[in-house]
Amino acid sequence: MVQAYILIQTDVGRAAAVAATIADIEGVVLAEDVTGPYDVIARVEAATVDELGKLVISRIQDTEGITRTLTCTVVHV
């Protein structure tokens, strides 16, 4: 299982709507609107790194109101 945090910037005033929309996407464990340089942070899970990439590119980034994402993969050392 691959886990990651997706840091998301949105159009002004769209953070709550974006968080609610992506929370319903399969693979998204948690999505919350936050303060700071990013507007939404999502925790996601996928079976493989390739599946994680597909989730981010074809499902999350395609969400209306998102302007930029940054994927931070969880590592266990």
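Read on for an overview of the structure. All figures in this text were calculated on a predicted structure; none of them were measured in a lab.

1. Observations concerning the pattern of salt bridges
Okay, so step 1: All chains considered together, the criterion is met by 1 salt bridge.
Okay, so step 2: Measuring nitrogen to oxygen at the nearest pair gives 3.7 Å for the salt bridge that ties E51 to K54. One end of the pair, E51, and the other, K54, are both in helix α2 (residues 49-60), 3 residues apart, so they sit about a helical turn from each other.
Okay, so step 3: When its relative accessible area of 38% is taken as the criterion, E51 is described as partly exposed.

2. As for the side chain of T63
Okay, so step 1: Relative to the helices and strands, T63 resides in the loop between α2 and β4 (66-73).
Okay, so step 2: On the basis of relative accessible area, T63 is assigned to the buried category, the value being 10%.
Okay, so step 3: Within polar-contact distance, the side chain of T63 engages the backbone oxygen of R59 at 3.3 Å.
Okay, so step 4: Contact partners of T63, with chain neighbours within four places excluded, come to T21, I22 and I25.

3. Topic: the pairing of strand β1 (residues 2-10)
Okay, so step 1: Judged by how many residues are buried, β1 sits mostly within the fold: 7 of 9 residues are covered.
Okay, so step 2: Two elements, β1 and β4, share 7 bridges in a ladder whose sense is antiparallel. The residue of β4 that forms the bridge with L7 is L70.

4. Description of the nonpolar core
Okay, so step 1: Grouped together as the largest cluster of nonpolar side chains are 20 residues, with contacts concentrated most on I6, I8, I22, A42, V44 and I60.
Okay, so step 2: Residue assignment for this core shows that the elements contributing at least two residues are β1, α1 (15-23), β2 (28-33), β3 (40-46) and α2.
Okay, so step 3: Among residues more than four places away in sequence, those in contact with I8 are V18, I22, Y38, D39, V40, A42, I60, I66, R68 and T69.

5. Remarks on the sheet that holds β2
Okay, so step 1: One open sheet accounts for 4 strands, arranged β2-β3-β1-β4; its pairing is antiparallel. Of all the strands in the sheet, the pair left with one neighbour each is β2 and β4. With direction set aside, neighbouring strand axes in the sheet form an average angle of 20°.
Okay, so step 2: Relative to β3, β2 runs antiparallel, the two sharing 5 bridges. Across the sheet, V28 pairs through a bridge with V44, a residue of β3.
Okay, so step 3: Of the strands in this sheet, β1, β2, β3 and β4 touch α1, which is tilted by about 170° from β2.

So, how was this worked out
Residues numbered from 1 in each chain as written. Predicted model: local features only at pLDDT ≥ 70, side-chain atom pairs only at ≥ 80, totals over all residues. Heavy atoms only, no water. Salt bridge = Lys/Arg side-chain N within 4 Å of Asp/Glu carboxyl O. Helix = DSSP H or I, 4+ residues; strand = E, 2+ residues; numbered from the N terminus. Buried < 20%, exposed > 50% of the residue type's maximum accessible area, 1.4 Å probe, protein only. Polar contact = N/O pair within 3.5 Å; in protein donor to acceptor, adjacent residues only side chain to side chain. Contact = heavy atoms within 4.5 Å. Pairing = 2+ DSSP bridges. Core = buried A, V, L, I, M, F, W, Y, C linked by side-chain atoms within 4.5 Å. Axes fitted to C-alpha atoms, helices over the stretch in contact; angles between N-to-C directions.

Coordinates in, geometry out; function isn't part of it.
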